Amino acid sequence: MSFLRPISGNGALAMLTNIFQKYGPDSFYGLVGSVMQGATDTTIYILALYFSSIKVKKTRYALLVGLFADFCGVIAAYIVVKFF
């Protein structure tokens, strides 16, 4: 799910639904998936939609920062669920 979320929000939501069906929403995997769904964003979609609407051509650093923020969201989701 952590690899799919920056690319496709609906695909990650479908994967989260499968996690809920297999493990349950109150399991560790269900909680991590839920927090990850809220803590990360569809980075590629945001870059394509918003930057093209204002005609930004150089998105190299924005992509790196967005993917780093998604990585931090995944790590934070694990830590929050593990300790709380």
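On a predicted model such as this, the values are computed, not experimentally measured, just so you know.

S.K.: Give a description of the environment of Val 81 that names residues and reports values.
M.R.: Locating Val 81 in the fold gives a position in helix α4 (residues 60-83). Judged by relative accessible area, which is 15%, Val 81 ranks as buried. Linking Val 81 and Leu 31, residues 50 residues apart in sequence, is a C-alpha distance of 6.6 Å.

S.K.: Hey, could you go over the packing of aromatic side chains for me, with residue numbers and the actual values?
M.R.: Within this structure, the stated rule accounts for three aromatic pairs. Centroid distance Tyr 23 to Tyr 29: 4.7 Å. Interplanar angle 50°. Geometry classified as tilted. Ring geometry for Phe 28 and Tyr 29: centres 6.1 Å apart, planes at 65°, overall edge-to-face. Put simply, the rings of Tyr 23, Phe 28, Tyr 29 and Tyr 78 touch in pairs and so form one group of aromatic residues. The cationic tip of Lys 82 hangs over the ring face of Phe 28; the distance from NZ or CZ to the ring centre is 5.8 Å.

S.K.: How would you sum up the packing of helix α2 (residues 28-39) against α4? Please name residues and give values.
M.R.: Two elements in contact, α2 and α4, have axes separated by 8 Å at closest approach and are oriented at 140°. As summarised for this structure, α2 and α4 are arranged oblique, according to the angle between their axes. The two elements α2 and α4 cross, and the hand of that crossing is right-handed. Packed against α2, whose contacting residues are Phe 28, Leu 31, Val 32, Val 35, Met 36 and Ala 39, the element α4 presents Gly 73, Val 74, Ala 77, Tyr 78, Val 81 and Lys 82 at the interface. Classifying every residue of the contact of α2 with α4 by side-chain character gives ten nonpolar, one polar and one charged.

What counts, and at which threshold
- Residues numbered from 1 in each chain as written.
- Predicted model: local features only at pLDDT ≥ 70, side-chain atom pairs only at ≥ 80, totals over all residues.
- Heavy atoms only, no water.
- Helix = DSSP H or I, 4+ residues; strand = E, 2+ residues; numbered from the N terminus.
- Buried < 20%, exposed > 50% of the residue type's maximum accessible area, 1.4 Å probe, protein only.
- Phe/Tyr/Trp six-rings, centres within 6.5 Å; stacked < 30°, edge-to-face > 60°.
- Lys NZ or Arg CZ within 6 Å of the ring centre and 35° of its normal.
- Axes fitted to C-alpha atoms, helices over the stretch in contact; angles between N-to-C directions.
- Parallel < 35°, antiparallel > 145°, perpendicular 65-115°, else oblique.
- Left-handed = near helix turned anticlockwise from the far one by under 90°.
- Contact = heavy atoms within 4.5 Å.
- Nonpolar A, V, L, I, M, F, W, Y, C, P; charged D, E, K, R; others polar.

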